[in-house]
Amino acid sequence: MMVAAIEAVLSIDLGAIVGNWRRLVAAHGAPCAGVLKADGYGLGAAPVGRALAAAGCRHFFVAHLAEGLALRAALGPGPLVAVLNGFGAGADGAAGLTPVLNSLADVAAHQGRPGILQLDTGMARLGVPPAEWGQLAGLAPLLLMTHLASADRPDHPLNAMQAGRFAAASTGFPGVATSLAASSGIFLGPGFASDLARPGAALYGLNPTPGLPNPMLPVVRLEAPVLQLREIPPGTPVGYGATWVAERPTRVATVAAGYADGYPRALSGKAIASFQGQPVPLIGRVSMDLTTFDVTDLPGLRPGDALTLIGPGCTPDELAERAGTIGYEILTSLGARYRRQYQPA
Ligand SMILES: *Cc1c(COP(=O)(O)O)cnc(C)c1O
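Computed from a predicted model, the values in this text were never measured in an experiment.

Calculation rules
Residues numbered from 1 in each chain as written. Predicted model: local features only at pLDDT ≥ 70, side-chain atom pairs only at ≥ 80, totals over all residues. Heavy atoms only, no water. Helix = DSSP H or I, 4+ residues; strand = E, 2+ residues; numbered from the N terminus. Buried < 20%, exposed > 50% of the residue type's maximum accessible area, 1.4 Å probe, protein only. Contact = heavy atoms within 4.5 Å. Areas by Shrake-Rupley, 256 points an atom, 1.4 Å probe, with all protein chains shown as cover. Lys, Arg positive; Asp, Glu negative; His and termini not counted. Charge placed at Lys NZ, Arg CZ, Asp CG, Glu CD. Core = buried A, V, L, I, M, F, W, Y, C linked by side-chain atoms within 4.5 Å. Domains from an automatic or database assignment. Near = heavy atom within 4 Å. Polar contact = N/O pair within 3.5 Å; in protein donor to acceptor, adjacent residues only side chain to side chain. Nonpolar A, V, L, I, M, F, W, Y, C, P; charged D, E, K, R; others polar. Buried area = accessible area lost by both parts, 1.4 Å probe. Salt bridge = Lys/Arg side-chain N within 4 Å of Asp/Glu carboxyl O. Arc of directions from axis to C-beta.

**Side note on the overall build of the protein chain**
Line of reasoning, step 1. Secondary structure assignment for the protein chain yields 8 helices and 17 strands.
Line of reasoning, step 2. Overall size of the protein chain, expressed as C-alpha extent along the three principal axes, is 75 × 50 × 35 Å.
Line of reasoning, step 3. When burial is assessed residue by residue, the protein chain has 49% of its 345 residues classed as buried.
Line of reasoning, step 4. Contacts in the protein chain between residues at least 24 apart in sequence constitute 62% of all its contacts with a sequence separation of at least 6.
Line of reasoning, step 5. Accessible surface computed for the protein chain: about 15500 Å², of which carbon and sulfur atoms make up 57%.
Line of reasoning, step 6. Taking the average place of the 23 positive charges on the side chains of the protein chain and the average place of its 23 negative ones, the gap between the two points comes to 3 Å.

**As for the nonpolar core**
Line of reasoning, step 1. Core analysis: the biggest nonpolar cluster contains 77 residues, and Leu-52, Phe-61, Tyr-263, Phe-293 and Leu-309 have the highest contact counts within it.
Line of reasoning, step 2. Of the residues forming this core, the biggest block, 6 residues, is contributed by helix α1 (residues 14-28).
Line of reasoning, step 3. Taken domain by domain, the makeup of this core includes at least three residues from each of domain 1 (31-204) and domain 2 (220-343).
Line of reasoning, step 4. With residues up to four places along the chain from it excluded, the contact list for Tyr-263 reads Gly-258, Ala-271, Leu-282, Val-286, Thr-291, Phe-293, Leu-309, Leu-319 and Tyr-338.
Line of reasoning, step 5. Ranked by size, the runner-up nonpolar core spans 18 residues in total, among them Leu-101, Val-176, Leu-180 and Phe-192.

**Digging into the site of the ligand**
Line of reasoning, step 1. Every one of the 14 residues lining the ligand counts as a neighbour, but Lys-37, Tyr-41, Ser-183, Gly-200 and Tyr-328 are closest to it.
Line of reasoning, step 2. Contact distances for the ligand include 2.6 Å between an oxygen atom and a side-chain N or O atom of Tyr-328.
Line of reasoning, step 3. When the ligand is considered free in solution it has 390 Å² of accessible area, and contact with the protein chains removes 90% of it.
Line of reasoning, step 4. Residues of the shell around the ligand, tallied by class, amount to 8 nonpolar, 3 polar and 3 charged.

**Section: the domain arrangement of the protein chain**
Line of reasoning, step 1. Each domain of the protein chain was delimited in the assignment, giving domain 1 (31-204) and domain 2 (220-343).
Line of reasoning, step 2. Look at where the C-alpha atoms of domain 1 and domain 2 centre, and you get two points 37 Å apart.
Line of reasoning, step 3. Opposite the 8 residues of domain 1 that make contact, domain 2 presents 7 residues.
Line of reasoning, step 4. At the boundary of domain 1 with domain 2, total buried surface from both sides reaches about 670 Å², with 67% on carbon and sulfur atoms.
Line of reasoning, step 5. The three residues of domain 1 that bury the most area against domain 2 are Tyr-41, Gly-42 and Leu-43, which together make up 60% of that side's buried surface.
Line of reasoning, step 6. The tally of links between domain 1 and domain 2 comes to 0 salt bridges.
Line of reasoning, step 7. The interface formed by domain 1 and domain 2 includes 2 residue pairs in polar contact (both at pLDDT 80 or more).
Line of reasoning, step 8. Taken together, the residues that form the side of domain 1 that touches domain 2 break down as 6 nonpolar, 2 polar and no charged.

**Description of helix α7 (residues 316-323)**
Line of reasoning, step 1. Along α7, the positions that sit buried rather than exposed are Pro-316, Leu-319, Ala-320 and Ala-323. Projected onto a plane normal to the axis of α7, the buried residues spread over an arc of 100° and lie on a single side.
Line of reasoning, step 2. Looking at the packing, one finds that the buried side of α7 touches β13 (272-275), β16 (306-310) and α8 (327-332).
Line of reasoning, step 3. Among the residues trailing α7, Gly-324 stands out with phi positive, at a value near 75°.

Here you go:
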């Protein structure tokens, strides 16, 4: 007997990701890598990487060695796969991956092998700090890179300061290609262009220009089926802690997604979903596997219909704003229980 599964469906538009990559190349006026760390920001590093490689992307960045090995297996030989957090010189199976060298110790450990040299120009996170740059003389890395701390705030003085330090340092590495901007840095203007930008977030549809209209195509849609509908009279509480109490005769829809699926509990009482373009307010607390919505104004809704939890009117950036986080965290938290559906590029 066939039993229909009642599960939320996460749709990932590979065509939109490729479209975003092309837009970023155009905005940068120079090549762009694809940043696929954290399983392609939760969307699947292998399918995203294959779609980008087929579109002509030749450079990929991940954070961990294991991510690099998995991506190399998905892509086959050819494109550069760089590991941002670096890896030990003797790491098993790392042949074919490129380490990012973040310290003098990394440089010494990987002597004679190609690597990407990261300079810390003002973030104090990873990379060789300015006080040690003098000890890098004579090195010829594959690529010289740095990372901007505040590129999502165009007026922040650190942006120009970091770009200036990076430009000055790069004169010590004649003929070596440079990599400066990530998603938001691409939109800071020509002073932030380099030989290879490293966008991640914008590929996946997050807005690289907060406060301005989003120049990227939407990539992710999450549809959660309604498990039950019920009519409750005024005075009836809904959900854990009875934090929401009906003030009018209310129709409540319970959908199959919760905080265990990465739909943040911090959205309790705060999120908006949608149904056929109509906004649908979340009521009560988000629980582990279930979330409740007020669908009183949607008399056409039937059990089995799906509410759009992520989509137009409830983008990852908008949900993040309501949950007090960033779109990056919404995407990288997307759960393993959704049925994933990829639209081909
Ligand atoms: C994550 C990361 C990126 C990509 O940043 P986005 O803001 O997602 O575009 C680029 N470079 C480094 C070093 C990173 O850690």
